[in-house]
Amino acid sequence: MSAFLHSNIASAQIISTYAGDTTAGYTGDGHQATDAQINRPSGVATDFTGNLYIVDSASNCVRKVDTAGIITTFAGTGTAGYNGDGIAATAAQLNNPSSVTTDRSGNVYICDHSNERIRKVDVHSIITTIFYDTTSIYGAQIIVINQAGTLYFSSAGRNIYKLVLGSPVLVAPGGTIAGTGVSLDLIGGLPFDSVGNLYMGNSEGSPGQILKLDTSGTLTVAVGAARLGLCENNVAASSAGLDNVTGIVMDDSGYTNYICKSH
């Protein structure tokens, strides 16, 4: 089953299908997104005009849902591979893309995971590689961009890098965080708050927690006690036990109110 679900938390917590007909596949371009097949969606992003971009990982493409609810292929041909840059995004092959983000100028950035590339689709729909590495960094997994236009990405879900002039700078290394006993491993979600702090869900740490990388580069535990816990409610964030945090979202006030757990 493959679908992207939308929840209006502010009203009555009603959930509905935004894209996908619940059947895994790659069909429906030019039609309503709810009538289309998608296959293993792994990331979403919106632009400043209200379009939604969905990483259709198993279909090796990125799909776009416009404000009228029509879905099209934005990047990728549906066939896994790499056939070059400087061409139309819809003519370019992707290989198991994992994440997507947008900037304020209308550019779209894609983690082309199995091609070990970060790729940019400009406002003219031309795709280029802005970072490529097969040695020290393996497989960009999650990509985000802050208000200043600086890209951050996770490498195979473990290390966090900042991309500066095409060169990655390690800002949060995997392994045990000094003074916390928490192991940073398999990151789930990388949202920024309104002042530029970066949060990350620690998916396979023992226990899982939400970590905060502040603007000075200091990494601390933001949510979660040093113990496992399942579905604990009405407790202080610092006291809550978490396990396998796979995604987090910041609300408009800058709080990590919404946490996705797979256990």
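This one's a predicted model, so the numbers in the text were calculated from it and none came from an experiment.

What counts as what
Residues numbered from 1 in each chain as written. Predicted model: local features only at pLDDT ≥ 70, side-chain atom pairs only at ≥ 80, totals over all residues. Heavy atoms only, no water. pLDDT = per-residue confidence, 0-100. Contact = heavy atoms within 4.5 Å. Patch = residues over 30% accessible without salt bridge, like charges linked within 9 Å, V, L, I, M, F, W, Y side chains within 5 Å. Areas by Shrake-Rupley, 256 points an atom, 1.4 Å probe, with all protein chains shown as cover. Salt bridge = Lys/Arg side-chain N within 4 Å of Asp/Glu carboxyl O. Helix = DSSP H or I, 4+ residues; strand = E, 2+ residues; numbered from the N terminus. Buried < 20%, exposed > 50% of the residue type's maximum accessible area, 1.4 Å probe, protein only. Pairing = 2+ DSSP bridges. Polar contact = N/O pair within 3.5 Å; in protein donor to acceptor, adjacent residues only side chain to side chain. Core = buried A, V, L, I, M, F, W, Y, C linked by side-chain atoms within 4.5 Å.

A. Structural detail: the confidence of the model for the chain. Averaged over every residue, the pLDDT of the chain is 82; residues scoring 70 or more account for 75%. In this model, residues 4-11 is a region of pLDDT below 50 whose contacts with residues beyond four sequence positions or in other chains number 21 contacts.

B. Layout of a nonpolar patch on the surface. A surface patch of nonpolar side chains, amounting to about 300 Å² of accessible area, comprises Val-164, Leu-165 and Val-169. For Val-169, the location among the structural elements is in strand E16 (residues 167-172). Residue Val-169 is classed as partly exposed on the basis of its relative accessible area of 38%.

C. Local environment of the side chain of Ser-155. Position of Ser-155 among the secondary structure elements: in strand E14 (residues 151-155). By relative accessible area, Ser-155 is classed as buried at 7%. Ignoring any residue separated from it by four or fewer positions in sequence, one finds Ser-155 in contact with Ile-137, Tyr-138, Gly-139 and Tyr-161.

D. Fine view of the pairing of strand E20 (residues 198-202). Burial analysis of E20 places five of its five residues in the buried class, which makes it a mostly covered element. The alternating pattern of E20 places Leu-198, Met-200 and Asn-202 on one face and Tyr-199 and Gly-201 on the opposite face, and all of these are buried. As defined by bridge partners, strand E19 (residues 187-188) adjoins E20 across two bridges and the pair is classed as antiparallel. Residue pairing across strands places Ile-187 opposite Asn-202, the latter belonging to E20. By the bridge criterion, four bridges tie E20 to strand E21 (residues 210-213) in an arrangement that is antiparallel. Across the sheet, Met-200 pairs through a bridge with Leu-211, a residue of E21.

E. Spotlight on the environment of Asn-115. Along the chain, Asn-115 turns up in the loop between strand E10 (108-112) and strand E11 (117-121). Taking the C-alpha atoms as reference points, Asn-115 and Ala-140, 25 residues apart in sequence, are found 9.0 Å from one another. What Asn-115 contacts, discounting residues up to four positions off in sequence, is Gly-81, Tyr-82, Gln-93, Leu-94, Asn-95 and Tyr-132. A distance of 2.9 Å separates a polar side-chain atom of Asn-115 from the backbone oxygen of Gly-81. A polar contact is formed between the side chain of Asn-115 and the side chain of Asp-112, at a distance of 2.9 Å.

F. Representation of the nonpolar core in the model. In this structure, Ile-160, Leu-184, Ile-187, Leu-190, Leu-198, Met-200 and Leu-219 are the most contacted members of the largest nonpolar core, which totals 15 residues. Among the elements of the structure, strand E13 (140-145), E20 and E21 are those that each provide at least two residues to this core. Within the second largest apolar cluster, 14 residues are counted, among which are Tyr-53, Val-55, Val-62 and Ile-110.

G. How the structure looks around the sheet that holds E21. Taken in spatial order, the four strands make up an open sheet running E19-E20-E21-E22, and their pairing is antiparallel. Edge positions in the open sheet fall to E19 and strand E22 (219-223), since each of these has one partner strand only. Bridge count between E21 and E22: four bridges; the pairing is antiparallel. Among the inter-strand pairings, Leu-213 is bridged to a residue of E22, identified as Leu-219.

H. Seen up close, the pairing of strand E12 (residues 126-132). Direction of pairing for strand E8 (residues 87-88) relative to E12: antiparallel, over a ladder of two bridges. Residue pairing in the sheet places Ile-87 in a bridge with Ile-127 of E12. Pairing analysis gives five bridges linking E11 to E12, with the strands arranged antiparallel. Along E12, the bridge assignment pairs Ile-118 with Phe-131. Between the end of E11 and the start of E12, which pair antiparallel, lie four residues, with Ser-125 showing a positive phi angle near 70°.

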